[in-house]
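Spelled out from the first residue to the last, the chains are:
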Amino acid sequence: MSDIKVKTAPVLGVDGRSAGHLLEIENLHVEFRTRDGVAKVINGVSYHVDAGETLAVLGESGSGKSVTAQTIMGILDTPPGFVTNGSIRFRGKDLLTMGKDERRLVRGEGIAMVFQDALSALNPVFTVGFQIAELFRKRRGMSRADGYKRATELLDLVKIPAAKTRLKDYPHQFSGGMRQRVMIAMALALDPEVLIADEPTTALDVTVQAQIMDLLAEIRRDRNMGMILITHDLGVVADVADRIAVMYAGRIVEQADVHALYGKPCHPYTLALLDSLPRLDLKGQELNTIKGLPPNLLRIPSGCAFHPRCRMARDICSTQRPALLELGGVRSSACHFAEELYGRE
Amino acid sequence: MSSPEVATPTAEAAPMPVTPAVVEPAPRKDKPRSLWTDAWYELRRKPLFVISAILITLFVLMAAVPQLFTSADPLAADLNRSLTPPDFGAWFQFGKQGQFGFDLQGADIYARTIYGARASILVGLSAVIGNMLLGGFFGILSGYLGGWTDTLLARFGDIFLGLPFVLGALVILSTFAPVQSNPSAFRITSLVILTFIALGWPSFARIMRAAVLSTKQLDYVHAAQALGARPGRVIFRHVLPNAIAPMVVVGTITLGAYIGAEATLSFLGVGLRQPVVSWGIMIGDSRQYMEAAPYMMAFPAAFLAIAVLSFVMLGDAVRDALDPKLR
Amino acid sequence: MGRYALRRLLQAIPVFIGTTFLIWFLVWGLPGDPFAGRCGERQCPESYVKFMTDKFGLDDPLPVQYFNYLTNLLQGEFGQTFNGTEIGDLLAQAFPVSIKLALVAVAAEALIGITAGVLTGLRRGSFIDNLVLVSTLVLIAMPIFVIGLVARYSLGLASVSPEAPWVELIIPGLILGSGSLAYITRLTRVNLVENRRADYVRTAVAKGLAPSRVTGVHLLRNSMIPVVTWLGLDLGSLMGGAIVTEGIFNIRGIGGLLFDSINRRQSGVVVSIVAILVLVYLIVNLLVDLLYGVLDPRIRYE
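In this text, all values refer to a predicted model and were calculated from it rather than measured experimentally.

Draft legend 1. How the structure looks around the overall build of chain C. Of regular secondary structure, chain C possesses 13 helices and 0 strands. Counting from the amino terminus, helix and strand elements in chain C follow one another as α-α-α-α-α-α-α-α-α-α-α-α-α. Taken over the C-alpha atoms alone, chain C extends approximately 85 × 55 × 30 Å along its principal axes. A buried classification covers 40% of the 302 residues belonging to chain C.

So this is what it looks like as structure tokens:
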């Protein structure tokens, strides 16, 4: 697995804004207008991904990581979800302002998505062959026979045994891991430049998780795609990601190169997340957990949203919201004590 | 349907909820009371529910004390008044007659329409209650004993469900009260009610059986049984509360359907007959005079449709309120 | 699937026997003079009663009578009416008419009901949606004989001619299917609304498929499963449920024949019709169950 860490693609535009990134989200705001009030789900998220690199977006459920992905894909449920500000540029063009048809063509071909729960994400009443071949037939104008031929190749690519016969099976006839492979094959069909994987392994057994992550990493490398890996699992991230963005209450609280982040987290939330990982060398000790609950998005705490749960919180944290501070390189952190944390040994 | 949800998935594993998870502390569903208070809160704000509830109250009042609405005798016929059109001037004046006109025999259509509610409500309500009791009893037997009793009762119920409703009622009623015969009001009314019960109980037995089976699975019921609770206690404490919601919903809608069915059978001449006053009979009588005296049919038909509609709407609203999934 | 079908078929046998016995017993088996009133005001002559009793085997013990009846029935022998007409002939005349009527009704349900359901399901909460919802409630609540009478006399329709051509069956069929039509509309709507937010619909959008394909193929195909099965069941029940509609429009179908026979106490015809309708009902039920498995690959028959 360690070979994956070898970066084969250059990380372009390390210093951020200047160069055109492949996919660049800037200052995205999304809110959910519910009966109980307006929930600010995403509050100014910016990140980017380039060809050949993997960005991991990390956060608890409700942190807005999946909603960001849905907004990129244009599959946000509206209502209740509304984009109130920001831009999502793919190859320099803003997806949020482009025409419906133009945007539709970006889906699958420019940016494709692997969903968390393949069992519900695949249509239960069509064979997987139909669902994959459909892309070739409708998007590439291929004949039925050609579409199925390409679908077989794709199932081979994602290492599903007996691809040709399994094409005729329905999603529920596959095992969890195999189903997720089908999902991946479908996402790859139109050769996308960016692949968003939304918790691709959450629903799977631990052993299968590793296989799927390996497969994703391998494909990403072979095709030189950009990948956004959305997860809550710190363990998954370490082996695959180049950069990590940590989200909390709809904001990015820390962003860093994967090694830097693991080596020296510069935000108390990241610190707490890492602390709460079970570790072999601390066997017998009590597991550290983050106290409290994720914030209620209808009433996000004032100041730093994390302060009620933060071990380092002081008075300033409840009154002033810390800005995302650049700490050098691709590193940034949104904490009043970021520099303190960065400077520590 | 109201099985308690105890499982709280870890915050991490849960998929992104559409509304933030912490917005409202989920009402604990293991207390049936909160389900009903919830439903009641939901219902009071629904116009369809309020309207149908008011209408049903009116119909029940009509059935119980028709004298409140009219002072005329629905059976008094005076051929001099035969086929007199409605007197709209008499509409809000109590004590007057002929608001809806007079029928062929010269009986007051308004009074007959008001008195007609009694037959509809009586037949519908008694049949539904009978269904609940009989079906509920067999349902509990099926669910609790299982095995051969269950299979046997299921097949037995299928025999009655296999008969199309109107068809079955037609055969049964025409056997026990041939078309040409003149059974007494009590006899024919109870016959209609019994027919509805005979044909309807299997549906209610199925509901009760499902409720018993799902309740039997619950941990706290296992616990109660392990502690030595007797079947009777388990049924009254745990099974019945779970069965009430679907029973009430299906019962209300069925009541509406039975009112329609009673009218249909009376219209066909095999259901209620003179001297019982029924909307179905009135509509049947009006057939030959559709052109000459459309009011003979219009008023009872309107009452009939509104009555059926009220019960169906009420059942619909209650179901929506009790089934949080559809909210 | 074969074994499941066979098991269901076997289960249907006792139901069929039970139902036909029930009706047979009601019509033939209850004590009473089957010839009362058959000869006008007078008591029937001794010779006539004896002849008829012999002919219909009324002196045999009840179980024997029923068994004889059933074996004849299974051989396609429906017997004769009291007047000596072959019951089989009567049925052969009436059934095609009722089947035609039921087909018209189901076609109307499918066409109008599904269209209205899709329109309202996609525009939930709109004016059209509310209008259709209220109208469906009214249709569901209004007994067919009221709708039928009003329609017949307000449109000034004549009775349907004996050959029952398709054109003349359109309005009776619409009325026969009106309740189910309203129900289909609601069923379609509810399913569309429920499935619209389904993950697989979202996936179809994420694949970059055109909206028409997302709705028309992925959403509709799933939402139609309960609707199609319900239509199947309805076809079965409408064949026997047309007593009122056929009565109002004087259509010479099964319903009319049955009602006539009950009035004229033609017991043999009544039992035969009910037996056939129950058979149709049981077979349709089985077929619809199997159809469900075809429509939804997740269903598995043990």
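Draft legend 2. Structural detail: the overall build of chain A. Across its full length, chain A carries 13 helices and 12 strands. For 345 residues, the compact-globule estimate of 2.2 N^0.38 gives 20 Å, and the C-alpha radius of gyration of chain A, at 21 Å, lies within 12% of that figure. Its C-alpha atoms give chain A principal-axis dimensions of roughly 65 × 50 × 40 Å. Going through the 345 residues of chain A one by one, you find that 48% of them count as buried. Long-range contacts, defined here as pairs at least 24 residues apart, represent 64% of the contacts in chain A between residues at least 6 apart.

Draft legend 3. Spotlight on the nonpolar core. Judged by nonpolar contacts, the single largest core of 259 residues is most densely connected at M183(A), A185(A), I196(A), I228(A), L170(B) and V274(C). Ranked by the residues each element gives to this core, the list is headed by helix 10 (residues 295-322) of chain B, at 18 residues. Both domain 1 (2-74) and domain 2 (94-264) of chain C contribute no fewer than three residues apiece to this core. With near-sequence residues (within four places) excluded, L170(B) lies in contact with L268(B), V270(B), I243(C) and I262(C).

Draft legend 4. Molecular detail of the domain arrangement of chain C. Domain annotation for chain C reports domain 1 (2-74) and domain 2 (94-264). Spacing between the C-alpha centres of domain 1 of chain C and domain 2 of chain C amounts to 36 Å.

Draft legend 5. Spotlight on the confidence of the model for chain A. Per-chain confidence: chain A averages 83 in pLDDT, with 92% of residues scoring 70 or above. In this model, residues 1-18 of chain A is a region of pLDDT below 50 whose contacts with residues beyond four sequence positions or in other chains number 23 contacts.

Draft legend 6. Representation of the pairing of strand 6 (residues 111-114) of chain A within the structure. All names here are of chain A. Residues of strand 6 alternate between two faces, with I111 and M113 on one and A112 and V114 on the opposite face, all of them buried. Here 4 bridges tie strand 6 to strand 7 (residues 194-198), and the two strands are oriented parallel to one another. Within the sheet, the bridge partner assigned to I111 lies in strand 7 and is V194.

Draft legend 7. Representation of the confidence of the model for chain C within the structure. Looking at chain C as a whole, the pLDDT averages 84, with 93% of positions reaching at least 70. For chain C, helix 2 (residues 46-55) of chain C is the element with the lowest average pLDDT, namely 72, and helix 9 (residues 199-206) of chain C is the one with the highest, namely 92.

Draft legend 8. The sheet that holds strand 2 (residues 37-49) of chain A, seen in detail. Residue and element names in this part refer to chain A. Ordered by their spatial adjacency, 4 strands build an open sheet running 2-1-4-5, and the pairing between neighbours is antiparallel. Whereas interior strands pair on both sides, the edge strands pair on one side only; in this sheet they are strand 2 and strand 5 (93-94). In the sheet, strand 1 (residues 23-34) pairs with strand 2 via 10 bridges, with the strands oriented antiparallel. When the sheet's bridge partners are listed, E24 is paired in strand 2 with H48.

Draft legend 9. The arrangement of the interface of chain B and chain C in detail. Chain B puts 32 residues into the contact, and the matching count from chain C is 33 residues. Among the elements of the structure, helix 4 (147-161), helix 5 (165-176), helix 8 (231-268) and helix 10 of chain B are those that each provide at least two residues to the side of chain B that touches chain C. Classifying every residue of the side of chain B that touches chain C by side-chain character gives 22 nonpolar, 6 polar and 4 charged.

Draft legend 10. Representation of the pairing of strand 11 (residues 325-328) of chain A in the model. All names here are of chain A. Looking at chain direction, strand 11 and strand 12 (residues 331-333) are connected through 3 bridges and run antiparallel. Paired with G328 across the two strands is R331, which belongs to strand 12. The antiparallel pairing of strand 11 with strand 12 creates a hairpin that spans 2 residues between the two strands, and G329 there sits at a positive phi of about 70 degrees.

Draft legend 11. Spotlight on the packing of helix 6 (residues 144-154) of chain C against helix 7 (residues 166-176) of chain C. Residue and element names in this part refer to chain C. Two elements in contact, helix 6 and helix 7, have axes separated by 9 Å at closest approach and are oriented at 150 degrees. Between helix 6 and helix 7, the crossing angle belongs to the class labelled roughly antiparallel. The handedness of the crossing between helix 6 and helix 7 comes out as right-handed. Across the interface between the two elements, I144, I147, G148 and A151 of helix 6 pack against I171, I175 and L176 of helix 7. The residue makeup of the contact of helix 6 with helix 7, split by class, is 6 nonpolar, 1 polar and no charged.

Draft legend 12. Representation of the environment of S276(A) within the structure. Looking at the secondary structure, you find S276(A) in the loop between helix 11 (268-275) and helix 12 (315-319). In this structure the C-alpha to C-alpha distance between S276(A) and T289(A), which are 13 residues apart in sequence, comes to 5.1 Å.

Draft legend 13. Structural view of the sheet that holds strand 6 of chain A. All names here are of chain A. Read from one edge of the open sheet, 8 strands run 6-7-8-3-9-10-12-11, paired in mixed fashion. Of all strands in the sheet, those with a lone pairing partner are strand 6 and strand 11, marking the two edges. Averaged over all pairs of adjacent strands, the angle between strand axes in this sheet comes to 20 degrees, irrespective of strand direction. Here strand 10 (residues 251-257) runs beside strand 12; their pairing, made up of 2 bridges, is antiparallel. Looking across to strand 12, one finds that E254 is bridged to S333. Each of strand 3 (54-58), strand 6, strand 7, strand 8 (226-231) and strand 9 (243-248) touches helix 1 (residues 65-73); the most contacted strand, strand 7, lies at about 145 degrees to it.

Draft legend 14. A look at the environment of A92(C). Residues and elements named next belong to chain C. Relative to the assigned elements, A92 resides in helix 4 (residues 87-122). Take A92: there are 11 C-beta atoms within 10 Å of it, and that puts it in the exposed class. Put simply, A92 and A275 are 183 residues apart on the chain and 15 Å apart in space, counted from C-alpha to C-alpha.

Draft legend 15. Expanded view of unusual backbone geometry. For the peptide bond that leads from Q274(B) to P275(B), omega is 5 degrees, which places it in the cis range. Inspection of the secondary structure assignment puts P275(B) in the loop between helix 8 and helix 9 (279-286). Even without glycine at this site, A162(A) takes up a positive phi of about 55 degrees. Among the structural elements, A162(A) can be located in the loop between helix 5 (144-157) and helix 6 (163-166). When the 10 C-beta atoms within 10 Å are taken as the criterion, A162(A) is described as exposed. Within the chain, N224(A) stands out as a residue other than glycine whose phi angle is a positive 55 degrees. On the secondary structure map, N224(A) appears in the loop between helix 8 (206-223) and strand 8.

Draft legend 16. Examining helix 10 of chain B more closely. With 28 residues, helix 10 of chain B ought to run about 40 Å at 1.5 Å a step, and its terminal C-alpha atoms sit 40 Å apart, in line with that. Across the 28 residues of helix 10 of chain B, 22 count as buried, placing the element largely inside the fold.

About the cut-offs
- Residues numbered from 1 in each chain as written.
- Chains lettered and ligands numbered in written order.
- Predicted model: local features only at pLDDT ≥ 70, side-chain atom pairs only at ≥ 80, totals over all residues.
- Helix = DSSP H or I, 4+ residues; strand = E, 2+ residues; numbered from the N terminus.
- Buried ≥ 20, exposed ≤ 12 C-beta atoms within 10 Å, placed from the backbone.
- Rg over C-alpha atoms; globule rule 2.2 N^0.38 Å.
- Contact = placed C-beta atoms within 7 Å.
- Core = buried A, V, L, I, M, F, W, Y, C linked by C-beta atoms within 7 Å.
- Domains from an automatic or database assignment.
- pLDDT = per-residue confidence, 0-100.
- Pairing = 2+ DSSP bridges.
- Nonpolar A, V, L, I, M, F, W, Y, C, P; charged D, E, K, R; others polar.
- Axes fitted to C-alpha atoms, helices over the stretch in contact; angles between N-to-C directions.
- Parallel < 35°, antiparallel > 145°, perpendicular 65-115°, else oblique.
- Left-handed = near helix turned anticlockwise from the far one by under 90°.
- Expected span 1.5 Å × (residues − 1).

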